[in-house]
Amino acid sequence: MDMSVDFDRLLFFEHARKAAEAEYEKNPLDAENLTRWGGALLELSSFQNVNESKRLLLESISKLEEALLINPKKHDALWCLGNANTSYAFLTPDQEEARSYFDKSALFFQQAVDEDPENDLYRKSLEVSAKAPELHTEIHRQGFAQQAMATGPSTSTTAKTAKKKKSNDLKYDIFGWVILAVGIVAWVGFAKSNVPPPPPPR
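Predicted, not measured: the structure shown is a model, and the values here were computed from it.

1. A short note on the environment of Leu-135
Turning to step 1, where the next piece is worked out: Tracing the chain through its elements places Leu-135 in helix H7 (residues 132-151).
Turning to step 2, where the next piece is worked out: Through-space distance from the C-alpha of Leu-135 to that of Phe-90 is 8.8 Å; in sequence the pair is 45 residues apart.

2. Digging into the packing of aromatic side chains
Turning to step 1, where the next piece is worked out: Within the structure shown, the criterion is met by five aromatic pairs.
Turning to step 2, where the next piece is worked out: Between the aromatic rings of Phe-12 and Phe-13, the centroid separation amounts to 4.9 Å while the plane-to-plane angle is 85°, which identifies the pairing as edge-to-face.
Turning to step 3, where the next piece is worked out: Seen in terms of ring centroids, Tyr-24 and Trp-37 are 5.3 Å apart; in terms of plane orientation they differ by 65°. Their pairing is edge-to-face. Taken together, the residues Tyr-24 in helix H1 (residues 2-26) and Trp-37 in helix H2 (residues 31-45) connect sequence positions 13 residues apart.

3. Considerations on the packing of helix H4 (residues 75-90) against helix H6 (residues 120-129)
Turning to step 1, where the next piece is worked out: Orientation of H4 relative to H6, taken along the N-to-C sense of each, is 30°, at an axis distance of 11 Å. One way to sum up the angle between H4 and H6 is to call them roughly parallel. Read as a crossing pair, H4 and H6 show a hand that is left-handed. Between H4 and H6, the contacting residues are His-75, Asp-76 and Trp-79 on the first element and Leu-121, Tyr-122 and Ser-125 on the second.
Turning to step 2, where the next piece is worked out: The class makeup of the residues in the contact of H4 with H6 is three nonpolar, two polar and one charged.

4. Structural notes on the nonpolar core
Turning to step 1, where the next piece is worked out: One finds Leu-64, Trp-79, Leu-81, Phe-90 and Phe-102 to be the most contacted residues of the largest nonpolar core, which totals 36 residues.
Turning to step 2, where the next piece is worked out: Breaking this core down by element, the ones donating at least two residues are H1, H2, helix H3 (50-70), H4, helix H5 (95-115) and H7.
Turning to step 3, where the next piece is worked out: Broken down by element, the residue count for this core peaks at nine residues, all from H4.

5. Some points on the pattern of salt bridges
Turning to step 1, where the next piece is worked out: One pass over the structure, following the stated rule, counts 13 salt bridges.
Turning to step 2, where the next piece is worked out: Where Asp-120 meets Arg-123, a salt bridge forms, and the shortest distance between an N and an O atom there is 2.4 Å. Here Asp-120 pairs with Arg-123, and both are found in helix H6, just three residues apart, close to one helical turn.
Turning to step 3, where the next piece is worked out: By relative accessible area, Asp-120 is classed as exposed at 53%.
Turning to step 4, where the next piece is worked out: One salt bridge in this structure joins Glu-138 and Arg-141, with 2.8 Å as the shortest N-O distance. One end of the pair is Glu-138 and the other is Arg-141, both in helix H7 and three residues apart, which spans about a single turn.
Turning to step 5, where the next piece is worked out: With a relative accessible area of 25%, Glu-138 lands in the partly exposed category.

Conventions adopted
Residues numbered from 1 in each chain as written. Predicted model: local features only at pLDDT ≥ 70, side-chain atom pairs only at ≥ 80, totals over all residues. Heavy atoms only, no water. Helix = DSSP H or I, 4+ residues; strand = E, 2+ residues; numbered from the N terminus. Phe/Tyr/Trp six-rings, centres within 6.5 Å; stacked < 30°, edge-to-face > 60°. Axes fitted to C-alpha atoms, helices over the stretch in contact; angles between N-to-C directions. Parallel < 35°, antiparallel > 145°, perpendicular 65-115°, else oblique. Left-handed = near helix turned anticlockwise from the far one by under 90°. Contact = heavy atoms within 4.5 Å. Nonpolar A, V, L, I, M, F, W, Y, C, P; charged D, E, K, R; others polar. Core = buried A, V, L, I, M, F, W, Y, C linked by side-chain atoms within 4.5 Å. Buried < 20%, exposed > 50% of the residue type's maximum accessible area, 1.4 Å probe, protein only. Salt bridge = Lys/Arg side-chain N within 4 Å of Asp/Glu carboxyl O.

Right, dumping it as structure tokens:
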């Protein structure tokens, strides 16, 4: 069942990406369309290997920055840009490089909150972004520990395995929530763009 849902999501966001790309050809100054495109690329990055995912995230960041050049106060583009930078940071093992992406994401989340202070999702994203560098350190420390254990003698205990599983569950929970939130924003934007025109007045 999960594979089917993932495949449906993949198809949905690939369709959204293609539709946004086609719309861009007609109107390259549509900030809403650029935001949808960036959001779709952000979602699609979650289905790829690390290198392809990073490539898609950089492309997403580029589209979202282009949207903000047109409309600097576009809060959903600011929020998506925060998510794209956060996602890129988590895929970057070097702590200093990751830190610069976390710093950017916090700045974009703050700007999104400034533009739409009543939005709980934006406020929660800003709050969680403060904890992201610490989580990054823990994830990558455990990732490298796993590699070392795979090459060295096996000394893991049940307690270590349970702790590792708990941490991995947390990581997937956080990524899942980020992806779900971005998906909802992209879906709403996509749905808005495909609303049929109202019937003519009589």
